Amino acid sequence: MQNLTNDLQGQLPIEFLIVVGITVILLFPLIMCLMDSNELNQAMSASRAGALQGALHDGLAIYPDDTYRDYIIKHPRLVNPSGVKITKIDYSNQGFNPSYQKTKIQLRVHASAPSGIDKSDRNCLGDRINYYARKKICESFRTQNLTNSVYNPAFSTHYVFTTVDVCWE
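Below: a short report on this structure. Only a predicted model underlies this, so the values are computations on that prediction, with no experimental measurement involved.

### Focus on a nonpolar patch on the surface
Judged by side-chain polarity, Ile14, Ile18, Ile22 and Leu26 come together as a nonpolar surface patch covering roughly 410 Å² of accessible area. Residue placement: Leu26 occurs in helix 1 (residues 2–60). Taking the relative accessible area as the measure of exposure, Leu26 reaches 61% and is therefore exposed.

### Overview of the pattern of salt bridges
Pairs can form between side chains of opposite charge once their charged atoms are near each other. As enumerated under the stated definition, the model contains 3 salt bridges in all. Residue Glu139 is joined to Lys135 by a salt bridge in which the shortest nitrogen-to-oxygen separation is 3.9 Å. Of this pair, Glu139 and Lys135 both sit in helix 3 (residues 119–141), 4 residues apart, which is roughly one turn of that helix. Judged by relative accessible area, which is 32%, Glu139 ranks as partly exposed. Because the salt bridges share partners, they merge into one network encompassing Lys135, Lys136 and Glu139.

### As for the environment of Met32
Along the chain, Met32 turns up in helix 1. Residue class for Met32 comes out partly exposed when judged on its relative accessible area of 38%. For the pair Met32 and Asn97, spaced 65 residues apart in the sequence, the C-alpha separation amounts to 20 Å.

### Some points on the state of the cysteines
Under the counting rule described, the total for this entry stands at 0 disulfides. Here Cys124 is not disulfide-linked; the sulfur of Cys167 is the nearest cysteine sulfur, at 18 Å.

### Side note on the nonpolar core
Ranked by internal contacts, the top residues of the largest apolar core, which has 35 residues, are Ile86, Ile129, Phe161 and Trp168. Mapped by element, the contributors of at least two residues to this core are helix 1, strand 1 (85–97), strand 2 (102–112), helix 3 and strand 4 (159–163). The element that contributes the greatest number of residues to this core is helix 3, accounting for 9 residues.

### What to know about the packing of aromatic side chains
Between two aromatic rings, the relevant description is the distance of the centres plus the angle of the planes. Under the definition given, this model contains 4 aromatic pairs. For the ring pair Tyr131 and Tyr151, a centre distance of 5.7 Å and an interplane angle of 55 degrees mean the geometry is tilted. A residue pair is termed long-range when its members are at least 10 positions apart, and Tyr131 in helix 3 and Tyr151 in the loop between helix 3 and strand 3 (154–155) qualify at 20 residues. Taking the centre distance of 6.0 Å and the plane angle of 45 degrees together, the rings of Tyr159 and Phe161 count as tilted. Aromatic ring contacts, followed pair by pair, group Tyr131, Tyr132 and Tyr151 into a single cluster.

### Looking at the pairing of strand 1
Relative to strand 2, strand 1 runs antiparallel, the two being bridged by 11 bridges. Within strand 2, the residue paired with Ser92 across the bridge is Gln106. Where strand 1 folds back on strand 2, the antiparallel hairpin that results is connected by 4 residues, among which Gln101 adopts a positive phi of roughly 60 degrees.

Parameters at a glance
- Residues numbered from 1 in each chain as written.
- Predicted model: local features only at pLDDT ≥ 70, side-chain atom pairs only at ≥ 80, totals over all residues.
- Heavy atoms only, no water.
- Patch = residues over 30% accessible without salt bridge, like charges linked within 9 Å, V, L, I, M, F, W, Y side chains within 5 Å.
- Areas by Shrake-Rupley, 256 points an atom, 1.4 Å probe, with all protein chains shown as cover.
- Salt bridge = Lys/Arg side-chain N within 4 Å of Asp/Glu carboxyl O.
- Helix = DSSP H or I, 4+ residues; strand = E, 2+ residues; numbered from the N terminus.
- Buried < 20%, exposed > 50% of the residue type's maximum accessible area, 1.4 Å probe, protein only.
- Disulfide = S-S within 2.5 Å.
- Core = buried A, V, L, I, M, F, W, Y, C linked by side-chain atoms within 4.5 Å.
- Phe/Tyr/Trp six-rings, centres within 6.5 Å; stacked < 30°, edge-to-face > 60°.
- Pairing = 2+ DSSP bridges.

Remember that the coordinates give geometry; whether it matters functionally is a separate question.
Here's what the structure looks like:
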């Protein structure tokens with residue numbers, strides 16, 4: 001009887017270790033997938049915050065000195081406050097980019113502006129919105145040193161982000 005009890009006591013830990021081992025093996029890919037999703041969600045959140053910041057700067061006509069001087073000459077409408085609003089941001093996965101060794105994500109910001117703003121002015125506003133969206137991604141992942149002065153492209157650990165022209169509604 002005692003021999004049977006010792007066998008049962010030895011089998012339980014082995015069976016438990018097998019179950020725990022299989023569970024760990026199954027959970028590891030799930031955790032990796034969730035971490036990638038979290039990184040993309042963090043980047044999208046950062047791009048939204050950046051685009052909102054860019055729209056706010058555009059809406060209040062807050063620009064760096066050199067941009068302000070240029071806008072007075074070429075885009076006088078932009079030196080006055082306007083009502084720029086971000087309606088949504090979406091992205092498309094462009095697949096693995098061998099140049100950067102990362103997955104390329106292309107962001108598209110959708111915005112609305114008052115009807116009095118012409119196409120060239122909207123392009124300037126859109127460039128500023130995209131700039132702040134990319135900048136915020138770089139700040140979020142601390143990758144400012146990996147990109148150029150206009151944060152194009154923006155990098156995270158596993159992704160490289162670019163932007164296309166703002167879609168005006």
